[in-house]
Every structure is written in structure tokens, then in C-alpha cells.
Amino acid sequence: MNNESDFKNPYMKKVKYIFVVLLAGIGLLTAPSCNKDTYFIPPPPHTPQPTSTLEVMKVSTPPSTLNSAYWKTADYHNVNVSDVSTSHLYTDGLLNMTGTYSGKTSFNAGVNPGLKLKAAYDNDNVYILAEWTDSDVNLSEKSWLWNGPTDLLKADLANGWTSQRNSDRMSLAFEIQSASNSLGTFSSVGCSASCHGTGNSAEMRPDAGKVDLWNWSLAKSAPLGYAEDMVADATGLSDDTGQQICVRNSVSVSDRSGPAYEWDGTSQTVTLSTGTASILDPAYYLFNKTPFLGDVVRGDSIYHSEVLNQPGHCISCHGELGVGGTASSLNVLSFNKKSRASLISSMDNESDMGPYWNALNQQSRDDLIAYIRGLCGVPGYYLSTPDGSNADLTAISNVTPINIGNAMVPSTNIHTVYKVLIIRKLETTHADDVQFDLSSNKIYKFGIALMDNDGKNHIGSVVETLTFK
Ligand code: HEC
């Protein structure tokens, strides 16, 4: 008989049990007298646990940064994302803006984003931290491209100005006033209650009531440290009151009308919502602006002029549409980091370009730079520091708007996991906001959406619960 079979014998099992209990008893009796210190060892730190709703714990130290100690031990809520809005295309002139077209299978090439939420509150504010995986950073929205790429999903022609590129976003929706539509009420179907229409005409507006939208967008709000604060009611979706954070940079309402403004060449120093100073990258963001200069049609024609060794004829070395020639590509976003003056001086100093560039007058140079800007993409919005109810939502993330990198401009900010912290007062004095009045209610329904290079199609969860503890 070996030891193993000993323990299979019921009698031996009982003996072993008594022996273990005795040993444990002796241990308990003797431990305090042997080593009194063990009594004062503090409990081990809380190990984060998943929770079934998003629990908002009361804290005394505000967890106001991504690195605050609270987030390291806080419980978390895993959000099971599903397709919320799919197969939508934008209207005429808006191309290649639907990176989440097929929902989960498109979002980050089908990788589950693993959306995780944590939350806390103190006497003044609620803090919501969202983390999800998306391995490329999309930071533009409706950039102006001249003769840009076509969109395989759309029949639109890409000739002339079109609006292209989109941003990554995370949006939260809360009910302000009993919102509903034919699908149900906000408390039963969440943000589906504010889904109106189908197909390309789908809009974010309930039939009745009011919904608060917290829209973190890498193109329009994150660079200044905010989430866009919006409200959806039966009339449609609009910004809250106060100075708007972003305005469409276009000559007219048409998404083919071209940019009204461009960067004025001065350093875009801004103060973020947190009070910290930052500099916005002109490759993506327009803050210090001046009217867009030059005639792009004329610039296009000088670029393509056919007479060898005569002014123009840029195509011979830089290729059709600024790519594929013997000289460097001109359609790269990094050219937007150069002011007009610095672009002109680098061309002045390029000896190979002498016969093609030197004899051009100022007007032709302006027109050519308008054309080069159109190859790189002019930002589709210009930003302003918001105020009033538009400034209610402070947002901090692990993306900085300085020297942004992506596949085209490798530098900083290449990452896989977004971390976005949104901070808002529990109660604001604005009628266009949800109010967290904890004396009357501690449970709030909300919806959450994630978008990868998109603003129409999203994945997420339409009804979640925020439970203040
Ligand atoms: C004979 C060939 C040739 C022609 C024609 C030519 N370029 Fe260039 N260009 C170059 C070379 C070479 C450079 C240096 C970078 C490189 O090696 O590709 C350059 C650089 C540039 C740059 C980059 C400046 C910077 O900041 O780095 C711009 C912009 C530019 N060219 C615009 C033009 C325009 C506009 C025209 C037409 C007026 C033109 N080029 C015609 C050869 C040419």
C-alpha cells in the first residue's frame, strides 16, 4: 500500500482530518504569543473585482488623473459591447469616414475592445474612467482633401474638394428628461430611445424628452482637454449653451465647398481644461487661424503644367497627386506642421527646383501651396476654448495633441489602449445637463458607444447602470 491509497481509506482520512485540525488549533493558540506583530498587519490591498453595474464609490481624495492611486485598486465593470449602429454612410462629399461600418468586425479590425469602466465620486464631482483597445489613433474629422481617394462604399466622385478622415470617439448618454421613441423609454432601451430613422438618414434624437451626450472625440474635444457636451431632443442634436469647442471649417454648408481657414503659422499654445499649457499640432488641429489663401484650381494647373524647364511642372519630380515621383512625397500630413513661410523657404533653398520654382510670382506660389495643403488635408474644424455649459466635461486621456504620431507620421502616441477619464460636477446649474442629485436618486441608466474612425456607426452597450454607493 502506498501513501496515496492510504488516504483513500475512509478511516485514514478521518485520522488525517483530526491531525490537521489539531495542528491548526495549536497554531492559532501559539501564534499570538510567538509573534504579536502579526495582529497588526493591515489587511491586504483590495484586489479589483468585476462588478455587474458600474459602481461609483465615494472617495475623499479626488482621482483626477489617470495615475491616481484609486484607479489601481478600484473595482471595474466590463462592458459587453455589441453592434449598436451599423451600415450607415455619410451624405454627399463625406468619404472614407466609416471605419466602424460593419460594427464589431470593423472596429479595430475585429479585435474585441475589452471595454472596462471604473468610477468614483466626491462631494463635488463624478469621475468615470474608460479603457479600451484600439491600436491606431485617428484624430481628424472631415479634413479637406483636393482630389482625394475614392470611398469603396460610396458612389461619390472624389474630384475637387471632399471631406475625409474621421476620429476615434467614446460617447456616454444619460437621460435629462423622460426620453422615448417607438422602441421604448430611455430606462428600458437606453440610448436606443434617441435613435431616429434608419439607414443614412439615422439621427440621434428622441421623439420626446431630452438626452445628455458626452462626446469624447479625438478631433473635436480631446485636444483641449474636454468631452463635447451635447443635448439630443425632438428637434435634433446640438451643442450645449456657451462658447462651442469646435466649428466646421468650410466655405459653405456643402462638404465639397473647401476650407475657409488655415493655420496662421504661429505656435498654437493653449490652456487645457486642467489648467496645464499645451501646444496643438497644426498637422491635425486648427486653433490660430487665418483665411485660406490661394486658388487651389490654379495651383493644381501650375503643378501639372507640361512645359519642361519652365515654371511649374512640379509633377515631373513629385508625381501625380504629390506621390510616386523621384522627389519626396508632398501628400504627407507632416507638411502641415510647416507654416507657409517655412514651406516657401525650403523650396527657395532646394537647388533642383530652381527653374521650376524661382520664377513663380507670389500669387502662383500661394496657389501652389493651396494645392499642397489640399494634398495633405486641411483640418475640417477649428477649435476654441469652450465656456458655459459647453465647458462642463473635463477629459484627460493618454493621447497628447503635441507631435502626434500615426502610421503616416511615426512619433509619439502610438499606443493600443485608450484611457479616458471624464470628470463632471454632480450637479450643474444648466438645463441641458443630467443632474446627479444623490439625495433623491442613486441609480442612473446610461448608454456607451465606441467609434473607430467613425462618427455614425458605433459599437457599445445601450443600457448600463451607474450605481452610486
Ligand atoms: C527637378 C525635380 C523637381 C521639380 C521639378 C520640383 N521639385 Fe520640389 N523638390 C525636389 C527635390 C529633390 C526636393 C528635396 C526633397 C527630396 O529629396 O525629395 C524637393 C522638395 C520639395 C518640397 C519639400 C520642401 C520641404 O519643406 O521639405 C516641396 C514642398 C516641393 N519640393 C514642392 C515643389 C513644387 C510646388 C514644385 C513645382 C513648382 C516642385 N517642387 C518642383 C525636386 C523637384
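Look up a bit, the structure's there.
In this text the structure is predicted, and so the values were computed from the model without any measurement.

Caption draft 1: Up close: the layout of surface pockets. Put simply, the largest pocket is a space of about 1,200 Å³. Forming the boundary of the largest pocket are 48 residues, of which E203, M204, L237, G455 and K456 lie nearest the centre. Ranked by residue count, the leading element in the lining of the largest pocket is strand β9 (residues 169-181), at five residues. Grouping the constituent residues of the lining of the largest pocket by class yields 19 nonpolar, 19 polar and 10 charged.

Caption draft 2: Inspection of the packing of helix α5 (residues 296-303) against helix α9 (residues 362-376) at higher detail. Close contact between α5 and α9 brings their axes to 7 Å; oriented N to C, the two are set at 95°. Taken as axis vectors, α5 and α9 run roughly perpendicular relative to one another. Of α9, the residues touching α5 (which contributes V296, R298, G299, D300, I302 and Y303) are Q363, S364, D367, L368, A370 and Y371.

Caption draft 3: Quick peek at α5. If you check which residues of α5 are buried, you get V296, G299, D300, I302 and Y303. Down the axis, α5 shows its buried residues gathered within 165° of arc, on one side only. Tucked inside the fold, the buried residues of α5 contact β7 (143-146), β8 (161-164), α6 (315-318) and α9. Where α5 begins, the side chain of D295 points an oxygen toward the backbone nitrogen of V297, at a separation of 3.0 Å.

Caption draft 4: Quick peek at the nonpolar core. With 53 residues, the main nonpolar core has W132, M170, W216, F436, L466 and F468 as its most contacted residues. If we skip the residues at most four places from it in the chain, W216 touches W132, D168, R169, M170, S221, A222, Y226, A227, A395, S397, Y418 and V420. Counting residues in each nonpolar core, the second largest holds 24 residues, with W146, V296, Y303 and I369 among its members.

Caption draft 5: Representation of the pairing of β8 in the model. Side chains of β8 alternate between two faces, with W161 and S163 and T162 and Q164 buried alike. When β7 meets β8, the two strands line up antiparallel, connected through four bridges. Paired with W146 across the two strands is W161, which belongs to β8.

Caption draft 6: Structural context of empty space enclosed by the protein. Tallied over the full model, the rule gives three cavities of 30 Å³ or more. If you go around the largest cavity, the residues you meet are E262, W263, P282, N336, R373, V378 and P379. Of the residues that constitute the lining of the largest cavity, the class distribution is four nonpolar, one polar and two charged. For the second largest cavity, the calculated volume is near 60 Å³. As for the second largest cavity, its lining consists of S140, E141, A219, Y284, Y285, L286, P379, G380, Y381 and L383. For the lining of the second largest cavity, the residue count by class is seven nonpolar, two polar and one charged.

Calculation criteria
Residues numbered from 1 in each chain as written. Predicted model: local features only at pLDDT ≥ 70, side-chain atom pairs only at ≥ 80, totals over all residues. Heavy atoms only, no water. 1 Å grid on protein atoms, 1.4 Å probe; cavity = no way out; pocket = protein on both sides within 12 Å on 5 of 7 lines; lining within 4 Å. Points joined across faces, edges and corners; volume = space filled by probe spheres on them. Helix = DSSP H or I, 4+ residues; strand = E, 2+ residues; numbered from the N terminus. Nonpolar A, V, L, I, M, F, W, Y, C, P; charged D, E, K, R; others polar. Axes fitted to C-alpha atoms, helices over the stretch in contact; angles between N-to-C directions. Parallel < 35°, antiparallel > 145°, perpendicular 65-115°, else oblique. Contact = heavy atoms within 4.5 Å. Buried < 20%, exposed > 50% of the residue type's maximum accessible area, 1.4 Å probe, protein only. Arc of directions from axis to C-beta. Polar contact = N/O pair within 3.5 Å; in protein donor to acceptor, adjacent residues only side chain to side chain. Core = buried A, V, L, I, M, F, W, Y, C linked by side-chain atoms within 4.5 Å. Pairing = 2+ DSSP bridges.

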